[in-house]
Every structure is written in structure tokens, then in C-alpha cells.
Amino acid sequence: MAAAVRYHFSIHGAVQGVGFRPFVYRLAQECNLTGWVSNHSGGVLIEAEGERTDLDRFATALPLQKPSIASIHSMEVTELDPAGYSGFEIRESDHSGDRSAVIMPDLAMCPDCLREMLDPVNRRYRYPFINCTNCGPRWSIIRSIPYDRVNTSMDRFTMCPECRREYDDPADRRFHAQPNACPVCGPALTLTDARGTVLARGNDALVHTARAIAEGRIVAVKGIGGYHLMTDPFNDHSVRLLRERKRREEKPFAVMMPNIAAALGYCELDRKETDALLGTAAPIVLVRKRSDNPEGKSLAPSVAPGNPLLGILLPYAPLHHLLMLERPLPLIATSGNLTDEPICTDDADALRRLGGIADLFLMHDRPILRHADDSIVRIIAGRESVLRRARGLAPLPVMLDHAPDRSILAVGAHLKNTVAVNAGASVFISQHIGDLETEESYRVFTRTVNGLQELYGITPDVVAADAHPDYLSGTFARSLPLPQQTVQHHAAHIFSCMAENRLTAGLLGVAWDGTGFGDDGTVWGGEFFEWDGEEMRRIATLRPFPLPGGNAAVKEPRRCALGLLAEMTGGDLKEFADLPPMRQFDAKQTEALLRMIHNGFNAPRTSSAGRLFDAVSSLTGLRQTMAYEGQAALELESVAGTDADGAYPFSVGLLPSDPSVAQIDWEPMVRSLIDDVRSGVAVPLIAGRFHRTMAEIICTIAERSGRTTVVLSGGCFQNALLTERTIRRLGEEGFTPYWHQRIPPNDGGIALGQLYGTVLCSSTGASLRMFNHVRS
């Protein structure tokens with residue numbers, strides 16, 4: 001008999017809460033090994049003892065046969081002298097060491113649990129909190145690492161003998177499933193009115209909820225990461241009432257479909273979109289509406305007014321499936337909040353904040369410790385592009401090639417805020433927090449910052465923030481007794497895409513968005529940067545133009561158009577009096593706006609590509625005012641003809657205020673576009689030519705830069721037509737384009753960019769141009 005050998009495995013990655021230890025237990029038995037497996041603060045530890053051939057077979061099988069939802073980032077193996085183990089066991093978790101274990105996101109309900117929940121003879125029949133090691137809540141219930149029941153909000157529920165037996169049995173699917181419960185010992189439902197008076201409990205609460213929705217009432221439903229507001233999407237009165245109460249004028253509502261077959265009745269779905277809907281993240285997926293329903297039943301026009309896209313999702317929690325069982329029709333499922341506020345998670349808070357919106361509240365008594373909105377994705381260039389990273393995706397880390405020598409806290413942007421910290425080479429990015437426009441949002445922001453640090457046991461050595469002097473996130477950063485690193489907004493966009501794609505070498509970065517504070521004090525947003533491995537340098541920009549009214553222009557494309565036209569003529573707008581935006585203002589209003597521009601009062605100059613999209617939307621007559629961010633650009637994209645021929649002219653010169661920076665002059669494009677408008681050219685053709693022109697601008701600057709790698713980032717690249725056209729043209733011209741996939745191209749990716757920019761500058765001794773140390 002061959003001599004025994006012992007291997008010690010230290011495994012890091014998403015290996016807690018995914019059934020990894022029972023998998024190791026079963027594999028060790030198959031390989032005739034003795035020893036143990038245990039969770040620890042950094043992942044999973046294994047000691048296995050046996051013949052070398054069996055140990056090598058075990059080591060090979062670990063990454064190849066692991067549970068599908070597990071992810072191994074690193075596996076270190078050390079050979080030791082035999083310890084004489086007599087069997088293989090699963091040991092209690094080890095709480096020592098650095099807390100760098102990857103916590104899994106909340107996972108959509110698995111087929112096995114769905115089958116059991118619908119089985120009348122199963123003890124969990126119609127139980128809305130069924131779960132196992134393959135599905136259910138993770139991130140939203142964890143208090144601290146390692147991921148054990150005592151460290152979750154399930155610690156208040158004592159398992160019954162039958163649940164305990166499953167939990168302790170390594171051969172059971174619910175072995176160490178921390179949220180494991182049943183109707184005897186687990187969480188339960190309660191239905192109340194808007195004052196909190198109990199109306200029903202348990203299954204009766206669920207049945208009454210489905211009936212209330214069918215009657216057109218609005219119900220706040222507590223899910224995995226927070227509350228949804230649900231109502232009947234066929235009832236136009238109910239949908240309009242929800243809009244009025246939620247203060248959400250036109251922004252589309254998400255719709256939960258019973259299944260893929262039902263979704264196909266209302267939407268056009270390709271394979272990639274279907275795969276995204278059915279994945280364990282179960283996000284909202286933006287898809288094209290069908291023009292009609294085969295069964296003749298259409299969603300109310302107020303669900304997504306004037307929008308060719310619809311955000312849909314499938315039931316991902318047992319409770320959702322049960323609601324669909326009672327009423328197998330689509331449901332409005334929008335975040336449980338007032339516009340601009342964070343999602344509600346606490347029952348008392350929900351009654352306080354949603355009491356004026358919802359008629360009824362379907363609650364449960366499993367506490368939500370960490371909020372998580374639904375993630376949003378769109379298929380762009382054949383890949384999933386995450387537009388909001390939250391439930392199902394956060395807090396999975398972005399891995400850096402090398403561990404920085406210090407811990408960094410990055411506090412993100414003002415809008416679509418997320419925050420990030422690193423534990424070694426793992427960068428943990430928070431779930432979507434939202435716009436820091438309200439006290440509620442700021443409270444969630446500070447709670448999330450503190451919660452990330454506490455969860456991973458991180459004491460930051462430096463804090464990174466946006467350069468904007470008035471961002472609340474920056475104010476918070478400056479209040480910390482830490483060395484400060486500011487990272488220019490658009491440089492952070494580029495660094496974010498670089499981090500996601502693991503890029504460090506020289507490249508051209510294109511950062512196109514709506515707003516960002518520039519190093520010269522103006523509003524940037526149409527920027528080109530060169531990264532040479534040591535310095536991030538602005539090399540080109542769109543020609544700036546004024547925004548009369550400042551923030552008002554952000555919501556009124558007609559003001560953007562007026563500023564654009566005034567920039568072209570020096571303020572004499574007579575030749576443009578016939579254009580759609582000019583018909584929006586009377587003589588006094590026009591004079592007042594021109595006076596703002598002339599005096600430089602509340603008319604900041606911007607190079608923003610996003611505002612250029614808005615101005616073109618106005619010039620074509622599509623959209624003069626907006627009810628939500630990005631509405632004008634979205635409508636311009638949606639009408640654009642993909643068969644548009646040619647592109648409009650533009651020129652490239654030098655930025656007058658800084659001749660080292662090239663300036664792309666859009667005036668030839670705008671004058672040609674105006675000629676098309678006056679000639680009666682169809683708007684889809686004009687919109688298509690405009691998108692083609694914007695892609696050509698990027699190709700032109702890429703050719704001038706001499707770089708072969710091009711990175712695309714910023715909110716404008718949520719536009720599928722622009723992104724796909726740019727990627728295609730860059731490829732045709734011999735460039736290698738990179739764009740976002742798992743991290744949002746919008747400001748939701750800024751925190752990652754701030755952190756990665758700080759890492760690169762400290763590790764390479766790079767110049768701090770585009771950066772400023774404001775305090776050390």
C-alpha cells in the first residue's frame with residue numbers, strides 16, 4: 001500500500017453559501033480520502049489525506065466538478081506530513097484571518113425548490129421562503145463573514161428537527177443552507193393595510209394580495225432585497241394612479257412576466273435575452289415591445305409611454321411564483337420607493353414612506369440587512385451589458401491582476417452611486433445605491449460605506465472621490481481622517497472599463513456621458529484620453545457649447561438646442577426661427593436665455609456628448625422636455641434607422657483654451673442635419689446618420705491617437721446603436737475595442753474607476769495629471 005500524503009488547500013472565491021463544502025465532502029469520499037473541510041474568513045480550507053494518486057485526482061476534480069454557481073479565484077495547495085485522520089468531516093467555520101471570502105449574491109429560485117413548492121405532498125408546499133444551497137437569499141441577509149446562520153438575519157429562527165436534520169446532512173441539498181426553514185419554524189407572511197392593521201396571515205395573505213392586484217389595487221410586496229410596488233399592468237387607471245402617487249411621470253415601469261412563453265406575447269426575445277432572464281441573477285432585461293399581442297390583450301400604454309423598450313423580469317423569489325400561480329398574468333413590479341429615494345427594506349419604514357402609495361402591504365418577518373434593487377441588463381453587441389448592478393450580481397468582486405499594497409475606499413459619483421473597497425486583489429463593489437439627492441439616499445450611502453468596511457474587516461488607508469467640489473460623496477470623503485485622492489470623473493470612467501477588462505497598457509479611452517466636472521472647471525462629457533501606462537492625458541474633446549439655465553437645460557433638450565445654435569452664430573438666432581426648439585420659446589424667453597449666455601450667468605459651457613444627443617433630439621422635433629434622465633437620447637436611438645446611408649461632416653481642430661487638446665467641431669454636422677430637417681428628410685434617417693457620425697468621430701480620433709486599443713465608457717454607451725456601430729467601425733479599421741459588460745458604463749461604475757485609478761498611480765508611480773491629492 002502506498003504511503004499516505006496530506007494536502008492542505010486554501011481556496012478563495014465564491015465558495016460560501018453555494019454547497020461547496022458538501023461537494024468537497026462527497027468528492028473526498030469518492031476519492032477515498034480522510035481529513036476535513038471548513039469555511040474561514042477568506043474562503044474555504046481543506047485538508048485531505050490519502051494516496052498521492054487519489055489526492056491528485058481530488059485536486060483536479062475540485063475546479064472541474066464544483067457547483068455551477070461557485071467560482072474559484074485561487075487555489076493554493078501545500079503538501080504536508082500525514083496527520084492520521086480517521087475519516088472525512090465538515091468542521092465548524094474558522095473565524096480567524098482576513099475577511100476576503102466572496103459572498104454570493106441573492107440567487108433566483110432553483111427548479112428543485114420550485115418543484116417541491118408546487119408538490120401538494122411536500123412539507124414545503126406553497127411555502128414562500130423555500131430555498132436550498134443552490135438558491136435563495138445570501139447578500140441581503142448576511143451580517144458578517146463567514147457565511148453561517150448565526151451571522152445572518154435567519155439567526156432569529158430556530159430550526160425544527162426536520163430542518164435541522166437536512167441542515168446537518170452532508171448528502172442533503174440543504175446541508176448548511178443558512179436560510180433553511182419551513183412553515184413550522186421559518187418566516188411567515190402578513191398582509192396589512194396602509195396603517196399597519198393586520199388583515200390576513202400566511203397563505204390567506206398571499207391569496208388576498210393576488211385578488212387585490214386583480215381588482216386594480218396597489219400592493220407593496222416585501223421581497224428578497226426590498227419592497228416592490230405591484231399592480232395590474234392592464235389597468236390603465238391603476239398604472240396612472242401609481243405614477244401619480246410615486247411621482248414618476250413617464251419613466252417606464254418594469255413588468256414581471258409569469259414565464260418566457262408569456263413574455264413572448266408582449267416582447268421580442270432573442271436567445272441572449274432569454275438566457276439573461278433565466279439566469280441565476282434574474283435581472284430586469286430591456287427588450288423590444290411587440291406591436292400587438294397574439295391573444296389581443298395589450299399592456300396599458302401608461303406602463304412604458306412612448307418607449308419601444310420594456311423592462312421585463314421573471315419571478316425569482318418563491319413568493320413571486322406563488323403570486324403568479326394565483327394570477328398567471330404579468331404584474332407591474334417597480335421598486336418600492338418614492339422617486340429619487342432608496343428602496344424600502346424595513347417594515348415600519350415602508351409603512352411610513354410608502355403609506356401614501358400602496359393600498360396594502362404584504363410583509364414577512366425575515367429582516368433584510370442589505371438593500372438590493374433589481375439589476376438591469378441590456379444585450380449590446382451580443383453580450384450582456386449591466387446598466388444597474390444590484391440583486392443577483394452584487395457584491396461579486398472584480399479581480400485585479402495584482403494585490404495593491406494598501407486598502408482603498410472609493411465613494412463613487414453623485415448619481416447612480418455605488419461604493420467600492422478592496423481586500424487584496426478583490427475589489428468589492430456595493431449594490432446600486434442611487435442618486436444622492438435626498439436625506440434617505442445619503443443615509444443609505446453612509447450605511448453602505450460602513451457596512452462594506454465592517455463586513456470585510458477593512459480599515460482603508462486612502463479614500464478616493466470625484467473631483468467635483470459639491471458632490472455629497474466627496475464631502476463625505478473629505479470628512480474622513482484619511483489621505484485623499486481625487487479622480488477626475490471621466491478618467492474614472494476609463495479606469496473602470498480598464499479594470500473590468502484587466503487592461504494596463506497604453507490605450508485610447510473614450511468617455512461620453514451627460515455631466516462631469518472637468519479639470520478646467522467646465523462641464524465635460526465628450527472626452528478622449530490617452531493612457532500610456534503612466535499618465536492619463538486628455539487629448540481631444542467635443543466643441544463646448546452653453547447650457548442656458550444650467551440644470552434646467554439637463555431636463556429640457558430645447559435649451560440644449562438653443563445653446564448649440566447660439567454657439568454657432570454668436571447669439572443671432574433669426575436664421576433658425578423655423579426650427580422646432582425655437583418655436584418652444586416666445587421672444588421674451590429667447591431674449592432671457594440669450595442674455596444668460598452672453599453674461600455667462602447660469603449658462604455653463606459643456607463638451608457633453610449626452611447634451612449633444614439631447615440637442616439633436618430637439619432639433620428633429622422628437623423631444624423638447626424630459627420626464628426622466630436620458631429620455632431624449634433613448635427616443636433618438638429608438639427611431640434611428642439602421643439602414644441610414646452616409647454620415648454628416650465634422651472637422652477637427654484645436655481647443656482654443658488648450659491647444660494641446662484636439663477639438664471636434666460638430667457645427668458642420670449640425671448645419672447639414674438642419675438642412676435635412678428643413679428638406680423634410682424622415683427623422684429615422686436623420687437620427688441614423690447622426691449615430692453614424694458619432695461613431696465616425698471616435699474612429700477619427702482613434703486614427704489620430706496612434707493607439708490600437710480603444711476603451712468605451714460613460715452613460716452614452718448604454719445606447720446600443722451607438723455602441724454597436726462604434727465597435728463595428730473600430731474593428732473594420734483595425735482597432736481592438738473594449739466596452740463594459742458586468743460593470744455599468746454609467747456612473748454606477750465610477751467607484752471601481754476611482755479605486756483602480758488610485759491603484760495604477762500608486763503602483764506605477766504614474767503622474768497625477770487628472771488627479772489631485774487634496775490632503776495627506
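Just so it is clear, the model here is predicted, and its values are computed rather than measured. Within any chain, residue numbers begin from 1 and follow the written order of that chain's sequence. Totals for whole chains, interfaces and linings use all residues, but because this is a predicted model, local features are given only for residues with pLDDT of at least 70 and pairs of side-chain atoms are given and counted only at 80 or more. Hydrogens and water are ignored here; the side-chain numbers use all heavy atoms of the structure.

K.L.:
Where do I start with the overall build of the chain in this structure?
P.N.:
A count of helices and strands for the chain gives 22 helices and 33 strands. Just to be clear, the radius of gyration here is over C-alpha atoms, and the globule rule we use is 2.2 Å times residues to the power 0.38. Scaling as 2.2 N^0.38, a compact globule of 776 residues should have a C-alpha radius of gyration of about 28 Å, and the chain matches this with 28 Å. A simple rule labels every residue: compare its accessible area, found with a 1.4 Å probe on the protein chains alone, to the largest value its type can have, and call it buried under 20%, exposed over 50%, or partly exposed in between. For the chain, buried positions account for 62% of its 776 residues. Whether two residues are in contact is decided by their heavy atoms, any of which lying within 4.5 Å being enough. In the chain, the share of contacts with a sequence separation of at least 24, taken over all contacts with a separation of at least 6, comes to 72%. In the form shown here, the chain has an accessible surface area of approximately 28600 Å², with 48% of it arising from carbon and sulfur atoms. For the purpose of charge, His is not counted, nor are the chain termini; Lys and Arg are scored as positive and Asp and Glu as negative. Lys charges are placed at NZ, Arg charges at CZ, Asp charges at CG and Glu charges at CD. In the chain, 79 side chains carry a positive charge and 92 a negative one; their mean positions are 4 Å apart. Working definition: helices are DSSP H or I runs of at least four residues, strands are E runs of at least two. Numbering for both runs from the N terminus. Under the convention used here, a 1.4 Å probe and the Shrake-Rupley method define accessible areas, while residue burial counts only the protein chains that appear.

K.L.:
How should the nonpolar core be read in this particular structure?
P.N.:
Buried together is how nonpolar side chains tend to be arranged in soluble globular proteins. Throughout, nonpolar core names a set of buried Ala, Val, Leu, Ile, Met, Phe, Trp, Tyr and Cys residues whose side chains join them through atoms within 4.5 Å. Membership of the largest hydrophobic core comes to 99 residues, with the highest contact counts inside it found for Phe-9, Phe-20, Val-24, Ile-46, Phe-58, Leu-62 and Tyr-456. By size, the runner-up hydrophobic cluster in this structure holds 60 residues, among which are Leu-619, Ala-633, Trp-666 and Phe-717.

K.L.:
Could you clarify how one ought to interpret the packing of helix α1 (residues 20–30) against helix α2 (residues 52–65) in this entry?
P.N.:
How two helices pack is summed up by the angle between their axes together with the distance between the axes. Two elements in contact, α1 and α2, have axes whose closest approach is 10 Å; the angle formed by their N-to-C orientations is 145 degrees. Judged by the sense of rotation from one axis to the other, the crossing of α1 with α2 is right-handed. Seen from α1, the contacting residues are Phe-20, Phe-23, Val-24, Leu-27, Ala-28 and Glu-30; seen from α2, they are Arg-57, Phe-58, Ala-61, Leu-62 and Gln-65. Nonpolar residues are Ala, Val, Leu, Ile, Met, Phe, Trp, Tyr, Cys and Pro. Charged residues are Asp, Glu, Lys and Arg, and all others, Gly as well, are polar. Of the residues that constitute the contact of α1 with α2, the class distribution is eight nonpolar, one polar and two charged. Angular values range over 0 to 180 degrees, each being the angle between N-to-C directions of two axes fitted as lines to C-alpha atoms, with helices fitted over their stretch in contact. Crossing handedness follows the turn of the near helix against the far one: under a right angle anticlockwise gives a left-handed crossing, and clockwise gives a right-handed one.

K.L.:
Honestly, the packing of aromatic side chains in this entry has me stumped. Any pointers?
P.N.:
Pairing of aromatic side chains here covers Phe, Tyr and the six-membered ring of Trp, requires ring centres within 6.5 Å, and sorts the geometry by plane angle: under 30 degrees stacked, over 60 edge-to-face, intermediate tilted. For the structure on display, the rule yields 15 aromatic pairs. Look at Phe-445 and Phe-476: their rings are 5.2 Å apart centre to centre, the planes differ by 80 degrees, and that puts the pair in the edge-to-face class. Remark: Phe-476 occurs in helix α12 (residues 472–478) and Phe-445 occurs in helix α11 (residues 439–456); sequence separation between them is 31 residues. By relative accessible area, Phe-445 is classed as buried at 0%. Ring pairs connect the aromatic residues Tyr-7, Phe-9 and Phe-58, which therefore count as one cluster. Two limits define a charge over a ring: the Lys NZ or Arg CZ must be within 6 Å of the ring centre, and within 35 degrees of the ring normal. Sitting above the plane of the Phe-253 ring, Arg-243 keeps its charged end 4.3 Å from the centroid. Note that Arg-538 overlies the ring of Trp-524, its terminal NZ or CZ placed 3.7 Å from the centroid.

K.L.:
Before we go on, may I ask you to explain the pairing of strand β26 (residues 536–542) in this structure?
P.N.:
Taken residue by residue, a regular strand's side chains alternate between the two faces of the sheet. Summarising burial for β26: six of the seven residues are buried, a large majority. Two strands make a pair as long as DSSP finds a minimum of two bridges between them. Relative to β26, strand β25 (residues 523–531) runs antiparallel, the two being bridged by five bridges. Within the sheet, the bridge partner assigned to Glu-527 lies in β26 and is Thr-541. Adjacent in sequence and paired antiparallel, β25 and β26 are bridged by four residues, among which Gly-533 carries a positive phi angle near 95 degrees. Two elements, β26 and strand β30 (residues 658–665), share three bridges in a ladder whose sense is parallel. Bridging across to β30, Leu-542 finds its partner in Ile-664.

K.L.:
Help me out: how do you make sense of the packing of helix α18 (residues 631–639) against helix α20 (residues 683–705) in this one?
P.N.:
The N-to-C vectors of α18 and α20 enclose an angle of 105 degrees; their axes lie 8 Å apart at closest approach. Here α20 runs roughly perpendicular to α18, going by the angle between their axes. Between α18, through Leu-636, Glu-637 and Val-639, and α20, the contact on the second element is made entirely by Val-683, Pro-684, Ala-687, Phe-690 and His-691. Taken together, the residues of the contact of α18 with α20 sort by class into six nonpolar, one polar and one charged. To sort the angles, those under 35 degrees are grouped as roughly parallel, those over 145 as roughly antiparallel, those from 65 to 115 as roughly perpendicular, and the leftovers as oblique.

K.L.:
Is there a simple way to think about the sheet that holds strand β5 (residues 88–90) in this case?
P.N.:
Working definition: the strands of a sheet are paired by backbone hydrogen bonds and lie parallel or antiparallel to each other. Spatial ordering of the open sheet is given by β4-β1-β3-β2-β5, a layout of five strands whose pairing is mixed. Sheet topology places β4 (71–80) and β5 at the edges, where each strand pairs with a single neighbour. Recorded for the sheet is a direction-independent mean angle of 15 degrees between the axes of neighbouring strands. Pairing between strand β1 (residues 5–14) and β4: nine bridges, direction antiparallel. Bridge pairing in β4 places Gly-13 opposite Ile-72. Across the face of the sheet, α1 comes into contact with β1, β2 (34–40), β3 (43–50), β4 and β5 while running at roughly 175 degrees to β5. Its contacts with the sheet put α2 on β1, β3 and β4, and the angle it makes with β1 is roughly 5 degrees.

K.L.:
I keep staring at the environment of Leu-313 and nothing clicks. Help me out?
P.N.:
Structurally, Leu-313 can be placed in strand β13 (residues 309–313). Look at Leu-313 and you get buried, because its relative accessible area is 0%. If near-sequence neighbours (up to four positions away) are discounted, Leu-313 is found in contact with Ala-254, Val-255, Met-256, Met-257, Leu-277, Pro-283, Ile-284, Ala-333 and Asp-374.

K.L.:
What should I look at first to understand empty space enclosed by the protein in this one?
P.N.:
Sizing a probe to match a water molecule and rolling it over the atoms shows the empty space that remains. Points on a 1 Å grid, built from protein atoms alone, make a cavity when a 1.4 Å probe fits but cannot get out and make a pocket when they are open with protein on both sides within 12 Å along at least 5 of 7 lines; residues with an atom within 4 Å of a point are the lining residues. Grid points are joined across faces, edges and corners, and a volume is the space filled by probe spheres set on the points. Taken as a whole and judged by the stated rule, the model has six cavities of 30 Å³ or more. Its boundaries defined by the atoms lining it, the largest cavity holds a volume of some 90 Å³. Together, 14 residues line the largest cavity, and Pro-128, Phe-129, Ile-224, Pro-318 and Arg-366 are the ones closest to its centre. In terms of residue class, the lining of the largest cavity is built from eight nonpolar, four polar and two charged. If you tally residues by element for the lining of the second largest cavity, the top one is α1, at three residues. Its residues placed into classes, the lining of the second largest cavity shows six nonpolar, seven polar and one charged.

K.L.:
Would you take a moment to explain α1 for this structure?
P.N.:
Owing to its 3.6 residues per turn, the α-helix aligns residues three or four sequence positions apart on the same side. Here α1 lies mainly inside the structure; eight of its eleven residues are buried. For α1, the complete set of buried residues consists of Phe-20, Arg-21, Pro-22, Phe-23, Val-24, Tyr-25, Leu-27 and Ala-28. Once α1 finishes, Asn-32 follows within two positions and takes phi at roughly 60 degrees, a positive value.

K.L.:
How do you make sense of unusual backbone geometry when you look at a structure like this?
P.N.:
In terms of backbone geometry, most residues other than glycine have negative phi values and most peptide bonds are trans. Cis geometry marks the peptide bond from Ile-145 to Pro-146, where omega comes out at 5 degrees. Mapped onto the elements, Pro-146 comes out in the loop between α3 (111–117) and α4 (161–168). The omega torsion of the bond from Ala-394 to Pro-395 falls at 10 degrees, within 30 degrees of zero and hence cis. By secondary structure assignment, the location of Pro-395 is in the loop between β17 (383–388) and β18 (398–399). The backbone phi angle of Ala-381 is positive, close to 55 degrees, even though this residue is not glycine. Summarising the element assignment, Ala-381 is placed in the loop between β16 (376–380) and β17. A residue is classified by how much of its surface remains accessible, and Ala-381, at 30% relative accessible area, is partly exposed.

K.L.:
Is there a simple way to explain the pairing of strand β7 (residues 198–201) in this structure?
P.N.:
Direction of pairing for strand β6 (residues 189–193) relative to β7: antiparallel, over a ladder of three bridges. By the bridge assignment, Thr-190 is partnered in β7 with Arg-201. Taking the residues between adjacent antiparallel strands as the criterion, β6 and β7 are bridged by four residues, where Gly-196 takes a positive phi near 95 degrees.

K.L.:
Would you mind going over helix α15 (residues 557–569) with me for this structure?
P.N.:
Here α15 is 13 residues long and its end C-alpha atoms lie 19 Å apart, about the 18 Å a rise of 1.5 Å per residue gives. Listed as buried for α15 are Pro-557, Arg-558, Arg-559, Cys-560, Ala-561, Leu-562, Gly-563, Leu-564, Leu-565, Ala-566 and Met-568. Buried residues in α15 make contact with β27 (545–546), α14 (551–555), α16 (587–599), α17 (609–619), α18 and α19 (667–678). One or two positions beyond α15, positive phi appears at Gly-570, with a value near 80 degrees. Take the residue count of a helix, subtract one, and multiply by 1.5 Å to get its expected span.

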